[in-house]
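# Structural overview
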Amino acid sequence: MTPTLTTPSTASPTLASPSLSSPALAPQLAANWLRLCTLADLEVERGCAALVGQEQVALFLLADGDLRAVDNHDPYSGANVISRGIVGSRGGRPTIASPMYKQVFDLRSGTCVNTRGKQVRRLRVWPVRTLDGDVYLLRGGAR
């Protein structure tokens, strides 16, 4: 079952639900990695949200081809909006700026690099990989 993308006129693409089967992965990997979508479903530097169980994950395909996944839940506003943020960089590190209060997070570590005067918080980072043109997320792998 392939997830469908919906693109409301004012929102970034959202994955409806990830596939539960991973036919391209070896059986030992399929138990740990969840197929979310194809790489072609993602737009460069435009976030995409995926519902994984009860959690939302924000996926980002960067201009250099790197793929990053972090929590979609903004720890400052409490809203699930990180996938709608603005992709950028700070000192060579890829970042995402929350669309709510504009805190900036490092996409590699999830650390907030600009708290805008608030207490330091972070996003969970999810291991993500591609295989044969498909995007996979490590189950329970957020750190």
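What counts, and where the lines are drawn
- Every residue gets a number counted from 1 within its own chain, in the order that chain's sequence is written.
- Local features in a predicted model are, by the rule used here, given only for residues with pLDDT of at least 70; side-chain atom pairs are given and counted only at 80 or more, and totals for whole chains, interfaces and linings are based on all residues.
- Excluded from the side-chain calculation are hydrogens and water; included are all heavy atoms of the structure.
- A run of DSSP states H or I qualifies as a helix once it reaches four residues; a run of E qualifies as a strand once it reaches two. Both are numbered from the N-terminal end.
- Only protein chains enter the calculation, and the probe is 1.4 Å; a residue is then buried if its accessible area is under 20% of its type maximum, exposed if over 50%, and partly exposed in between.
- The contact rule is simple, with two residues in contact once any of their heavy atoms fall within 4.5 Å.
- Where accessible areas are quoted, they stem from the Shrake-Rupley method and a 1.4 Å probe; at the residue level, only the protein chains shown are allowed to cover.
- A 3.5 Å cut-off defines polar contacts: any pair of N or O atoms within that distance qualifies, except that in protein one atom must be a possible hydrogen donor and the other a possible acceptor, and neighbouring residues in sequence count only when both atoms are side-chain atoms.
- Two rings from Phe, Tyr or Trp (for Trp, the six-membered ring) form a pair when their centres are within 6.5 Å of each other. A pair whose planes differ by under 30 degrees is stacked, one over 60 is edge-to-face, and the rest are tilted.
- Geometrically, a charge over a ring is one whose NZ (Lys) or CZ (Arg) sits within 6 Å of the ring centre while staying within 35 degrees of the ring normal.
- In what follows, salt bridge is the name for a side-chain nitrogen of Lys or Arg lying within 4 Å of a carboxyl oxygen of Asp or Glu.
- Any two strands with at least two DSSP bridges between them are considered paired.

In terms of helices and strands, the protein carries one helix and 12 strands. Ordered by position from the N terminus, the helices and strands of the protein form the series β-β-α-β-β-β-β-β-β-β-β-β-β. Counting over 143 residues, the protein shows a buried share of 41%. Contacts in the protein between residues far apart in sequence, at least 24 positions, make up 42% of those at least 6 positions apart. On the protein, roughly 7200 Å² of surface is accessible, and the fraction owed to carbon and sulfur atoms is 51%.

It is worth spelling out the side chain of S98 at this point. In this structure, S98 sits in the loop between β8 (93-97) and β9 (104-106). Among the polar contacts listed, one links the side chain of S98 to the backbone nitrogen of M100, at a separation of 3.2 Å. The residues touching S98, leaving out its near neighbours within four places in the chain, are D74, V81, I82, Q103 and F105.

On to the packing of aromatic side chains, then. For any pair of aromatic rings, geometry is given as the distance between the ring centres together with the angle between the planes. One pass over the full model with this rule turns up one aromatic pair. Ring centres of Y76 and F105 lie 6.0 Å apart, and the angle between their planes is 40°; this geometry places the pair in the tilted category. Note that Y76 is positioned in the loop between β6 (67-71) and β7 (86-90) and F105 in strand β9, a separation of 29 residues in sequence. Looking at R129, its charged tip hangs above the ring of W33, at a distance of 5.2 Å from the centre.

It is worth spelling out the pattern of salt bridges at this point. Tallied over the full model, the rule gives seven salt bridges. Here R93 and D106 are joined by a salt bridge, their closest N and O atoms 3.8 Å apart. Of this pair, R93 sits in strand β8 while D106 sits in strand β9; the two residues are 13 residues apart in sequence, bridging distant segments of the chain. The partly exposed category is assigned to R93, whose relative accessible area is 30%. Between D106 and R108 there is a salt bridge, with its nearest N and O atoms 3.8 Å apart. The exposure class of D106 is buried, given its relative accessible area of 4%. Taken together, the shared-partner salt bridges connect E55, D71 and R124 into one network.

Our next topic: the pairing of β8. With four of its five residues buried, β8 lies for the most part within the structure. As paired elements, β7 and β8 share five bridges and run antiparallel to each other. Paired with G88 across the strands is T95, a residue of β8. In this structure, the hairpin formed by β7 and β8 is closed by a connection of two residues, where G91 is found at a positive phi of approximately 55°. Relative to β9, β8 runs antiparallel, the two being bridged by three bridges.

Further remarks concern the pairing of strand β4 (residues 48-52). For β4, the tally of buried residues reaches four of five residues, placing the bulk of the element in the interior. Relative to strand β5 (residues 55-61), β4 is paired through five bridges, and the arrangement is antiparallel. Each bridged residue has a counterpart across the sheet, and for V52 the counterpart in β5 is E55. Taken together, β4 and the strand that follows it, β5, pair antiparallel across an intervening segment of two residues, in which G53 is found at a positive phi of about 65°.

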